Amino acid sequence: MSGIGGTASEGPTGLDIFSKYEPLRQRASVVSKLGIDPFNMTFDDIMGPTRGRIGNREIILAGTNNYLGLTYDEGAREAAKDAIDRHGTGTTGSRIANGSYTEHAKLEADLAEHLGKPSCIVFTTGYVTNLAAMSGLAGPKDVIFIDADAHACIIDGTRLATNKTTVRFRHNNPEDLDKRLSRQELDEGGHALVVIEGLYSMFGDIAPIAEFAEVCRRHGAYLYVDEAHSYGVFGEGGRGIAEEQGCLDQVDFYSGTFSKSLASVGGFCASNHPEFELLRKVMRPYMFTASAAPSNICAAQAALDAIKTRPELRQNIKARAAQLHAGLDEMGFDLCAPASPVIAARRPNEAQAAMEWNWLLKEGVYVNLAVPPGTPQSSSLLRISVSAAHTEADVNAILSKFRALKENGNAILADGMARLQAAE
Ligand code: PMP
């Protein structure tokens, strides 16, 4: 019946509460036998935006989404330290319960101004941002349309919302959205909310936001764009793919995270609609969780200032992404999209991808192992995220390890198989 006293006990079916995860346990145990467990690894040290250490091995970090490399920026670090000295280490409650700090309000005003929107609300994480804003916006009569490759927090946003209907349209396909919007009958007083991303985090492909905006305009639908991976990186002023495609003003709701270019922890949603402010009084993930710590807010504020004043960061990440993409392409890797700060190579299956991931780490390069169900088209990927802090030499070093990976493919597989057999 229960696990009281810490002893797992069996329920009426003779199975304990964890038994449903048996297939997952078996799958995880195979991966962990290959060496380091990719889903539960710890660095012994992180020394900078592109360097970590495991044991006495220095690792080039190429999978941390630290796009502008600002986590070690002097301004961001000083701002965070100063915030701790002035305001302490945590807010110990939500903004509704404990009130906001002036720093929350200033960051909201500055993000709103940067994006040219009348309203912006800051949240505790990017995940919480989408949960809060989507569930706050979509009521029972509204229909949410999401891209087939939507991130987990967009899917979870539809789960928390009280809307009855969620429609998925084909990935990055405005014509398919158009068709589905035409087919969908809305209840009296109901609205369509279309949610897409700017840069998709697994394949590194880019949404045609301007085309989506045109479809939304024709159907009177609201457009919500998550630019978690593109804010700070794309657009002349760092305002993301929407800025690059000249349609920022047509995005009704623009969400982002602090955990990538903004070098911190938190999230934000800015809107063309001043009424968005009302949602502070209804969004449960805003009202019932602690607000971002002052140090997180102040670090993000410093990173925002860098986004506004240091365009060379964007030039560098673009150059490094082009260099890495061209090098991998030349070696014949099956890359998922044109050059962007997210570069993913398709591997034949999950086991091989896991063996290669382990081998790369042993050789001093950390990338992401991305496998189903978290990936589109059930792909197994070696996913790299490029940083403005990577040097040309760093990218050459990453490329040389990928070249060696290709050359030693058979030996890496044989070693992986031997490890699996030894563990049986
Ligand atoms: N949106 C997208 C598209 C993401 O990829 C992520 C996380 N990687 C988030 C939102 C959530 O951001 P956070 O880490 O701040 O919760």
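Note that this is a predicted model, so its numbers are computed, not measured.

## Points about the site of the ligand
Point 1. Residues in contact with the ligand amount to 14 residues; listed here are only the nearest, Gly126, Asp226, His229, Thr257 and Lys260.
Point 2. Within the side chain of Asp226, a nitrogen or oxygen atom sits 2.6 Å from a nitrogen atom of the ligand.
Point 3. With respect to the ligand, the side chain of Ser259 contributes an N or O atom lying 3.1 Å from an oxygen atom.
Point 4. About the coverage of the ligand: the protein hides 83% of its 390 Å² of free accessible area.
Point 5. Residue composition of the shell around the ligand, by class: three nonpolar, eight polar and three charged.

## Let's talk about the sheet that holds strand 1 (residues 45-48)
Point 1. The strand order across the open sheet formed by four strands is 1-2-3-12, and the pairing between neighbours is mixed. Looking at which strands have only one partner, the edges of the open sheet turn out to be strand 1 and strand 12 (365-366).
Point 2. Two elements, strand 2 (residues 51-54) and strand 3 (residues 57-61), share four bridges in a ladder whose sense is antiparallel. Residue pairing for strand 3: Arg53 is matched across the bridge by Glu58.
Point 3. Along the sheet face, helix 14 (residues 392-407) touches strand 2, strand 3 and strand 12 and points at about 105° away from the line of strand 3.

## Notes on the nonpolar core
Point 1. In this structure, Val194, Ile196, Ile209, Phe268 and Phe402 are the most contacted members of the largest nonpolar core, which totals 93 residues.
Point 2. With seven residues, the top contributor of residues to this core is helix 13 (residues 350-362).
Point 3. When residues are assigned to domains, this core turns out to be shared by domain 1 (22-61 + 311-423) and domain 2 (73-309), each giving three or more.
Point 4. Among residues more than four places away in sequence, those in contact with Val194 are Phe145, Phe169, Leu177, Leu181, Cys216, Ala221, Tyr222, Leu223 and Tyr224.
Point 5. Formed by 23 residues, the second largest nonpolar core is a distinct cluster that contains Met134, Ala161, Cys269 and Phe276.

## Thoughts on the pattern of salt bridges
Point 1. One pass over the structure, following the stated rule, counts 23 salt bridges.
Point 2. Lys106 is paired through a salt bridge with Asp110; the nearest N and O atoms lie 2.7 Å apart. Residue Lys106 and its partner Asp110 are both found in helix 4 (residues 102-115); the two are separated by four residues, about one turn of the helix.
Point 3. For Glu108, the salt bridge is made with Arg280, and the minimal N-O distance between the two is 3.0 Å. With Glu108 in helix 4 and Arg280 in the loop between strand 10 (267-271) and helix 10 (284-287), this pair connects stretches of sequence that are 172 residues apart.
Point 4. For Glu108, a relative accessible area of 6% puts it in the buried group.
Point 5. Overall, Arg280 belongs to the buried group, its relative accessible area being 15%.

## Details of the domain arrangement of the protein chain
Point 1. Under the domain assignment, the protein chain is made up of domain 1 (22-61 + 311-423) and domain 2 (73-309).
Point 2. Each of domain 1 and domain 2 has a C-alpha centre, and the two are 29 Å apart.
Point 3. Listed per partner, the contact involves 21 residues of domain 1 and 19 residues of domain 2.
Point 4. Surface buried jointly by domain 1 and domain 2 totals about 1400 Å² across both partners, of which 63% is contributed by carbon and sulfur atoms.
Point 5. Summed over the three residues of domain 1 that lose the most area to domain 2, namely Arg314, Val342 and Pro376, the buried surface amounts to 40% of that side.
Point 6. The tally of links between domain 1 and domain 2 comes to zero salt bridges.
Point 7. Mapped by element, the contributors of at least two residues to the side of domain 1 that touches domain 2 are helix 12 (312-330), strand 11 (342-347) and strand 14 (380-385).
Point 8. It is helix 12 that contributes the most residues to the side of domain 1 that touches domain 2, four residues altogether.
Point 9. Among the residues making up the side of domain 1 that touches domain 2, the classes are represented as twelve nonpolar, five polar and four charged.

Cut-offs used in this document
Throughout this description, residue numbers start from 1 for each chain and increase along the sequence as written. Thresholds applied to this predicted model are a pLDDT of at least 70 for local features of residues and 80 or more for the giving and counting of side-chain atom pairs; totals over whole chains, interfaces and linings are not thresholded and use all residues. Note that water and hydrogens are dropped before the side-chain values are worked out from all heavy atoms of the structure. One heavy atom within 4 Å of a molecule or strand makes the whole residue count as near it. We call two N or O atoms a polar contact when they sit within 3.5 Å, provided that within protein one can donate a hydrogen and the other can accept it, with sequence-adjacent residues counted only if both atoms are side-chain atoms. Method for areas: the Shrake-Rupley scheme with a 1.4 Å probe, in which residue coverage is limited to the protein chains shown. Here the term charged refers only to Asp, Glu, Lys and Arg, the term nonpolar to Ala, Val, Leu, Ile, Met, Phe, Trp, Tyr, Cys and Pro, and the term polar to all other amino acids, Gly among them. Strand pairing is assigned whenever DSSP identifies at least 2 bridges connecting the two strands. Going along the chain from the N terminus, every DSSP run of H or I of four or more residues is numbered as a helix, and every run of E of two or more is numbered as a strand. Contacts: residue pairs with any heavy atoms within 4.5 Å of one another. To get an axis, a line is fitted to the C-alpha atoms, and for a helix only the part in contact is used. The angle between two axes follows their N-to-C directions and goes from 0 to 180 degrees. Here, nonpolar core refers to any group of buried Ala, Val, Leu, Ile, Met, Phe, Trp, Tyr and Cys residues whose side-chain atoms link them within 4.5 Å. Working definition: with a 1.4 Å probe on protein chains only, accessible area under 20% of the residue-type maximum means buried, over 50% means exposed, and in between means partly exposed. For each domain, the first and last residues come from an automatic or database assignment. Any Lys or Arg side-chain nitrogen located within 4 Å of an Asp or Glu carboxyl oxygen qualifies as a salt bridge. Summed over both partners, the accessible area lost on bringing two parts together, with a 1.4 Å probe, is the buried area.

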